Amino acid sequence: MSGTVTAVSSSGEYTFTKPNRASIALIAGLGVAGDVHSGVTVKHRSRVAQDPTQPNLRQVHLIHEELFAEVAEQGFPVAPGELGENVTTRGIDLLGLPVGTLLRLGPEAVVEVTGLRNPCLQIDAFQDGLLKQVVGRDEEGNIVRRAGIMGVVRTGGTIRPGDPIKAELPPGPHRPLDRV
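Read on for a plain summary of the structure. Keep in mind that what you see is a predicted model, and the values were worked out from it rather than measured.

Reading the values: the criteria
- Residues numbered from 1 in each chain as written.
- Predicted model: local features only at pLDDT ≥ 70, side-chain atom pairs only at ≥ 80, totals over all residues.
- Heavy atoms only, no water.
- Helix = DSSP H or I, 4+ residues; strand = E, 2+ residues; numbered from the N terminus.
- Patch = residues over 30% accessible without salt bridge, like charges linked within 9 Å, V, L, I, M, F, W, Y side chains within 5 Å.
- Areas by Shrake-Rupley, 256 points an atom, 1.4 Å probe, with all protein chains shown as cover.
- Salt bridge = Lys/Arg side-chain N within 4 Å of Asp/Glu carboxyl O.
- Buried < 20%, exposed > 50% of the residue type's maximum accessible area, 1.4 Å probe, protein only.
- Arc of directions from axis to C-beta.
- Contact = heavy atoms within 4.5 Å.
- Pairing = 2+ DSSP bridges.
- Phe/Tyr/Trp six-rings, centres within 6.5 Å; stacked < 30°, edge-to-face > 60°.
- Core = buried A, V, L, I, M, F, W, Y, C linked by side-chain atoms within 4.5 Å.

**Considerations on unusual backbone geometry**
Moving on, step 1. Put simply, Gly172 and Pro173 share a cis peptide bond, and its omega is -5 degrees.
Moving on, step 2. Topologically, Pro173 is positioned in the segment after β13 (164-168).

Pasting the structure below:
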C-alpha cells in the first residue's frame, strides 16, 4: 500500500485547527517537533485529566484527504489542518490499516499506527453537524470512526507535501484499529 503526503500541519498551542507548514520534523519517541501534542506521555487535555502518566499513543494524527471530499458533498467544506491533523494523505486507506502498521513517510520518517482518532464535540464547534459526518454506526450498531488515525514516531525525519507514503503491515494475525 502506498500514497502521498498532501499537507503537513502543526501548532505549538492548544488550537483545534493547525496551520499548514512547508515541512514538519518528526522526532522518535516524541512526535512532531514544536507541536503541543508532542511528548512521551499523553498531551490531550482529557487524557491528562484521567492519568497524566499514560504513554502518548497519539503523537501524530494522520487523516485521509478523501474524507474532505466526502464531507464537502454533505455541505461541510474542510481543508488540510482544519481537523487538527499533522499529516494529510491521499491514496492510502488509513482506516483499513491494522494496529502496528509502519508508515514510511518521505525519505526517513517512520510512524507506527496505534489506533483511531476518537473525535470529540470540538468538531461541531468548528462546523455544527460535522461530528455526525465523521462518527456514525454500521448496520450492526457498532461505532464507526472516520476522523483519521494516530501513531507514534519510531524513526524521526522531515516530511513535506508530495512525499511518498509506504505502509508495511505487521505480521499476522492483524488487529483492527480501535480508538486510542
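**Some details on a nonpolar patch on the surface**
Moving on, step 1. On the surface, a nonpolar cluster with roughly 230 Å² of combined accessible area is contributed by Ile27, Leu30 and Val40.
Moving on, step 2. Relative to the assigned elements, Val40 resides in the loop between β4 (31-32) and α1 (45-50).

**Observations concerning helix α2 (residues 65-73)**
Moving on, step 1. Those residues of α2 lying buried are Leu67, Phe68 and Val71. Relative to the axis of α2, the buried residues are bounded by an arc of 105 degrees and lie together on one face.
Moving on, step 2. Where α2 is buried, its residues meet β5 (60-64), β6 (87-90) and α4 (130-134).
Moving on, step 3. Positioned one or two residues after α2, Gly75 has a phi angle of 95 degrees, which is positive.

**Re the pairing of β13**
Moving on, step 1. Of the two faces of β13, the one holding Ile165 and Ala167 is buried and the one holding Pro164, Lys166 and Glu168 is not buried anywhere.
Moving on, step 2. In this structure, strand β1 (residues 2-9) lies alongside β13, joined through three bridges in antiparallel fashion. If you follow Ser2 over to β13, its bridge partner there is Lys166.
Moving on, step 3. Here strand β7 (residues 102-105) pairs with β13 via four bridges, running antiparallel. For Leu103, the partnering residue across the bridge sits in β13 and is Ala167.

**Focus: the packing of aromatic side chains**
Moving on, step 1. A complete count under the given rule lists one aromatic pair for this structure.
Moving on, step 2. On the basis of an interplanar angle of 40 degrees and a centroid distance of 5.6 Å, the ring pair of Phe16 and Phe126 is categorised as tilted. Residue Phe16 is located in the loop between β1 and β2 (20-21), and its partner Phe126 is located in helix α3 (residues 122-126); the two are separated by 110 residues in the primary sequence.
Moving on, step 3. We classify Phe16 as buried; its relative accessible area is 18%.
Moving on, step 4. Classification of Phe126 as partly exposed rests on a relative accessible area of 27%.

**With respect to the nonpolar core**
Moving on, step 1. With 24 residues, the main nonpolar core has Leu26, Val60, Leu62, Leu103, Leu105, Ile149 and Ile159 as its most contacted residues.
Moving on, step 2. Elements represented by at least two residues in this core include exactly β1, β3 (24-27), β5, β7, β8 (109-116), β11 (149-155) and β13.
Moving on, step 3. Considering each element in turn, this core owes the most residues, four residues, to β8.
Moving on, step 4. Sequence-distant contacts of Leu103, that is, excluding residues within four places in its chain, are made with Leu62, Ile92, Leu94, Leu97, Ala109, Val110, Val111, Val113, Ile149, Ile165, Lys166 and Ala167.

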